[in-house]
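# Per-entry structural report
Here's the letter readout for the chains.
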Amino acid sequence: MPPYEDPVSGPAGLRVEVRVSECLAAALWYAERGWRTVPEARGQKAPWLPEWQRAASTDAETIRGWWQKRPDSGVGIATGEGSGIFVFDMDPGHGGNESLAALEAAHGPLPETQRVRTGGGGTHNYFRCTGKDVRNRAGLLGPGLDVRGALGQVVAPTTRKP
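Before going into details, it helps to say that this report is about the structure given with it.

About the thresholds
Residues numbered from 1 in each chain as written. Predicted model: local features only at pLDDT ≥ 70, side-chain atom pairs only at ≥ 80, totals over all residues. Heavy atoms only, no water. Pairing = 2+ DSSP bridges. Helix = DSSP H or I, 4+ residues; strand = E, 2+ residues; numbered from the N terminus. Axes fitted to C-alpha atoms, helices over the stretch in contact; angles between N-to-C directions. Contact = heavy atoms within 4.5 Å. Buried < 20%, exposed > 50% of the residue type's maximum accessible area, 1.4 Å probe, protein only.

### Digging into the sheet that holds strand β10 (residues 153-155)
Strand order in the open sheet formed by 3 strands is β3-β4-β10, and the pairing between neighbours is antiparallel. Each of the sheet's edge strands pairs with one partner strand only, and the pair in question is β3 (37-40) and β10. For this sheet the average axis-to-axis angle between neighbouring strands, irrespective of direction, equals 35°. One ladder, built from 4 bridges, connects β3 with strand β4 (residues 74-78); its direction is antiparallel. Within β4, the position partnered with V38 by the bridge is G76. Contacts from helix α1 (residues 22-32) reach β3 and β4 within the one sheet, and its direction differs from that of β4 by about 20°.

### Topic: the pairing of β4
Of all 5 residues that make up β4, 5 are buried, and the element is covered over most of its length. Across 3 bridges, β4 lies against β10 in antiparallel orientation. Bridged to A78 within β10 is Q153.

### Thoughts on the sheet that holds strand β6 (residues 114-117)
Remark on secondary structure: sheet strands pair via backbone hydrogen bonds, oriented parallel or antiparallel. The strand order across the open sheet built from 5 strands is β6-β7-β5-β9-β8, with neighbouring strands paired in antiparallel fashion. The outermost strands of the open sheet, each flanked by one partner alone, are β6 and β8 (137-138). Of the strand pairs in this sheet, β8 and strand β9 (residues 145-148) are connected by 2 bridges, and their pairing is antiparallel. Within β9, the position partnered with R137 by the bridge is V147. Its contacts with the sheet put helix α4 (residues 96-107) on β5 (85-90) and β9, and the angle it makes with β5 is roughly 115°.

### Brief notes about unusual backbone geometry
For L151, which is not a glycine, the phi torsion comes out positive at approximately 65°. Along the polypeptide, L151 turns up in the loop between β9 and β10. Owing to a relative accessible area of 61%, L151 belongs among the exposed residues under this scheme. Look at T158: it is not a glycine, yet its phi comes out positive at around 95°. Its location among the elements puts T158 in the segment after β10.

This is how it looks when you write it as structure tokens:
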């Protein structure tokens, strides 16, 4: 997981260690991997930046600036071509377990990938985009199964569910 100390330049070029929020540290860690991040509004599953799809960034100084403005922000990951990933989202509260079982019975199990547990008890399964235009789709594969791709985003680990 991401580090919790963030070295920054102090006066006369001195390096100092500054405590950073867990979400800021996570956003910087994701950005280092090329995943464009956005700050999430506290207690919501949406970025607080206007035009966040264009503003999402991997630039560390930009990301630090967002958390200076709103240190209680959660972190989101912009999906699609810019980050090189799409996310398969399974939500058991909306029938995702049953839909996933039916999908896997028909087509085989999901490929091995990075998988995280969501605040609602579901999973986000992260996949690399392979040159295809993967779009956002809600429920197309079954109730409780969504795909987050081009112009989409997911709430990332370290962000607390309200």
